[in-house]
Structure formats: C-alpha cells, structure tokens
Amino acid sequence: MPSAPAVPKTFPWATGPAGRRSESTARLRPVPVRRPARAAAAVACVVLGVGLIGGAVTGSWLTGDSAAEPVVRDDFAVARGLWHSVPVDALFPRTLKGDGAGPGGADRQWTRIGVAPDSGCAGALDPLLAGVLRPLGCTRVVRATYVDATSSSVTTVGLVFTQGDPAAMAALRNRFRVDDLTDRADLMPRTFPVRDTAAAGFGDAQRASWTVNVLTEVPVVVYAVSGFADGRPVTSPQPAGQATVSGTTTPAAEAGLGHEAKGVADRIERGLRKAVSAGTAAPR
C-alpha cells in the first residue's frame, strides 16, 4: 500500500475485644417482661417494610425507572470528544464495504490511503463553508482519503466536530435544506491529497461530486468529496444528490462519483454513530 502521512493518535473496620466486667462487681439488671403480641407486631412491621422496599427496587429495575439509573446518556458530550478518544481505525476504517452503493446497486469497496492530522476549520475547510459552520463553534476537523477497488476514483471524507447544541444543529440542518446549501459549488469541501498515492493530484480543480450532512443527534457535520484518480480537472462538479439520479449524463454521474462520495460518507457516518452508541451505553 502506498505510504501515507503519519497519523497522530488517537482512549474494615476492626474493633478490639470488649472489656469484661468482674462477676463479683457487676450489677444485676432487671429482666424485661416479654409481650408476645407486641413482639409479633414489630416483626410483622419489619417484614412488611423490607418487602415494600424490595418490591420498589425490583420494580425500578423492571421498568427502567430513572431514579434507579443515575447514569444519563449524553450523546453530544461523548461525540465531542471522539476525535481524540477513539483509535483512528474506528473513525476511518482501513477498508469500507459498499454493498449496493454503486450505480444500479453495484457493490463498491474502498481502501484508506491517508489520514490527515486533526486541525481546525480554518485549515481544512473552504473559508465560505467554514463561515457557514462558524455559528456552531468548530472544535476539530478530521479527514481521510480513500481509493476505490479499481483505483479510478478517490474520495476525501471528513468529520467536523462542533460545540453546537441540539437546537443549533437542527437550525443549521434546516438552513441547508431550505437554502439548498448542499448543492452550492462554492460550499464544496476541500480535498486531502496524499503524496505518492492515487490521490497525489487530488486538489480543488479535481473535485467532481460532494455531499455535506449536518447531523442533529450529535454535534458533527459529515462531508465527502470525490474525483478522478488520474488527476483530471472537472469543470462542472455536481452535488451527489443530483449525480446519483438515474439517467443523469454529466461526467460525475456517468463515472459514479456521486455514488462514491455518498457511499463513503454514509459508511463513515454509520461508524460514528456506532462509536457514540458504544460510548454512551449505560451499564445495567
């Protein structure tokens, strides 16, 4: 496999014997009168109380009562730290299987050829796209580049970790939908070229198709951008949502580059969700 840039990390008590009194000096103590009825009532109260407490605890286990489960799932808190708390291979697997991800439901497979050092938004994203994401409070961007099984296409996929809360993520996702921001070529993500690989010449001019997805259940934006592995420039890039429509005859569509971008992004997104779920699994 071609050499890739170095990838930074990534996970009694004890008491002494009681003193003894001399039998000759110990004072006699009166023996209390036994009252069977009162003793039986006291025992019954104790048994009833223990039964009620035990039943309440058992009921909370069975119903999942929050009072019995102090551990609270916080997907947002867990997701914000994944970029440095999980291994690189967990976020960007060495290989991705794309069963049915190609044009006409054809199978695809991609191999990772490089992982970029984590960075801020300014260095990894186009200024205009970084400006759109700025209200969320960008924390880190992590990226990797993949090549398909035929070495004819390359795809850079990225995860933008933000400080956005659920409301902010939902608002931005709605803005992307209402204003068609995903289809704007001036908001295309940047590529990550990898020296001495099929993606060595994968720059801005080689971008052919792309996708950007603002998640709402975690503070992360997932994106991917694809192009030809031979480094040819593309004068009319097309968003994956359009390039994957059956019958489209643009260069990106006919080469399946919309499917490449979408397929890689979808699988990285699934891996992210899995990592978040594992990190927030409440013990039972």
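Cut-offs used in this document
Residues numbered from 1 in each chain as written. Predicted model: local features only at pLDDT ≥ 70, side-chain atom pairs only at ≥ 80, totals over all residues. Heavy atoms only, no water. Pairing = 2+ DSSP bridges. Helix = DSSP H or I, 4+ residues; strand = E, 2+ residues; numbered from the N terminus. Buried < 20%, exposed > 50% of the residue type's maximum accessible area, 1.4 Å probe, protein only. Expected span 1.5 Å × (residues − 1). Arc of directions from axis to C-beta. Contact = heavy atoms within 4.5 Å.

The next point concerns the sheet that holds strand 7 (residues 238–239). Ordered by their spatial adjacency, seven strands build an open sheet running 1-2-3-4-6-5-7, and the pairing between neighbours is mixed. Each edge of the open sheet is held by one strand with a lone partner, namely strand 1 (95–98) and strand 7. Both strand 4 (residues 153–162) and strand 6 (residues 220–228) contribute to a ladder of nine bridges, which runs antiparallel. Within the sheet, the bridge partner assigned to Thr-156 lies in strand 6 and is Val-225.

Among the 11 residues of strand 3 (residues 138–148), eight are classified as buried, and the element is accordingly described as predominantly covered. Of the strand pairs in this sheet, strand 2 (residues 108–115) and strand 3 are connected by five bridges, and their pairing is antiparallel. In the sheet register, Trp-110 faces strand 3, and the bridge partner there is Asp-148. Across nine bridges, strand 3 lies against strand 4 in antiparallel orientation. The residue bridging Arg-140 from the neighbouring strand is Phe-161, located in strand 4. The antiparallel pairing of strand 3 with strand 4 creates a hairpin that spans four residues between the two strands, and Ser-151 there sits at a positive phi of about 60°.

Before going further, it helps to examine unusual backbone geometry. The phi torsion of most residues other than glycine is negative, and most of the peptide bonds are trans. A positive phi angle, close to 60°, is found at Ser-151, a residue other than glycine. By the secondary structure assignment, Ser-151 is in the loop between strand 3 and strand 4. Phi at Asp-196 is positive, roughly 60°, even though this residue is not glycine. Within the secondary structure, Asp-196 is located in the loop between helix 7 (166–178) and strand 5 (209–214).

Right, let's talk about helix 7 for a bit. Counted at 1.5 Å a residue, the expected span for helix 7 with its 13 residues is 18 Å, and the 18 Å between its end C-alpha atoms agrees. Of the positions making up helix 7, those classed as buried are Met-169, Leu-172 and Phe-176. In an axial view of helix 7, the angular spread of the buried residues amounts to 65°, which keeps them on one side of the axis. In helix 7, those exposed residues whose orientation departs by more than 90 degrees from the buried face are Ala-167 and Arg-177. Contacts from the buried residues of helix 7 go to helix 2 (75–80), helix 6 (127–133), strand 4, strand 5 and strand 6. Looking at the residues trailing helix 7, positive phi occurs at Asp-180, about 55°.

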